[in-house]
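Structural overview
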Amino acid sequence: MSAQAIGRLNHVGIAVPSIEAGLKVYRDLLGGRVTREPFDLPAQGVRACFVDTPNCQVELIEPLGAESPIAKFIEKNAAGGQHHVCFEVADIHAAKADFEGRGVRVLGEPRIGAHGTLVFFLHPKDMGGTLIEIMETPEGAH
Ligand code: CO
């Protein structure tokens, strides 16, 4: 039973040892367009940069500080790699209640993410091994 259908794929999160290394792939080799220059997001422990393709965005994230939630990921995957996928919803609080009601672990409370909108993450062990980010957007209802 699905109380709230998922919206569009908003972005794919790619963890990188450095934003520059990520830009060599997603901008220089693949021809993506940088739509947000690298910026620090101390609250999330990451440095981020957005690279757009015609139908999706790549979110490059580099560890910021020793306590970064992606520091361990980079320890295990020195070259970086796919870290999460992000889907849109119209109502973040309704989505959280919906997932919790179906036994999916929500990691923390909704908080402002790299895009300046409310997000939360779903436990990969409840989601087939993939870390899934849920983002509220005005267009989230489809
Ligand atoms: Co993300």
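Refer to the structure above for everything that follows.
What you see is a predicted model, and the numbers here were worked out from it, not measured in a lab.

Taken as a whole and judged by the stated rule, the model has seven salt bridges. Ionic pairing is found between K96 and E100, a salt bridge with its closest N-O pair at 3.2 Å. Within this pair, K96 and its partner E100 are both found in helix α3 (residues 92-101), separated by four residues, close to a single helical turn. Since its relative accessible area comes to 12%, K96 is described here as buried. Salt-bridge contacts for R102 lead to D98; the nearest nitrogen and oxygen are separated by 2.9 Å. Judged by relative accessible area, which is 10%, D98 ranks as buried. Each of K96, E100 and E109 takes part in salt bridges that share partners, so that together they form one network.

Quick notes on the rules
Residues numbered from 1 in each chain as written. Predicted model: local features only at pLDDT ≥ 70, side-chain atom pairs only at ≥ 80, totals over all residues. Heavy atoms only, no water. Salt bridge = Lys/Arg side-chain N within 4 Å of Asp/Glu carboxyl O. Helix = DSSP H or I, 4+ residues; strand = E, 2+ residues; numbered from the N terminus. Buried < 20%, exposed > 50% of the residue type's maximum accessible area, 1.4 Å probe, protein only.

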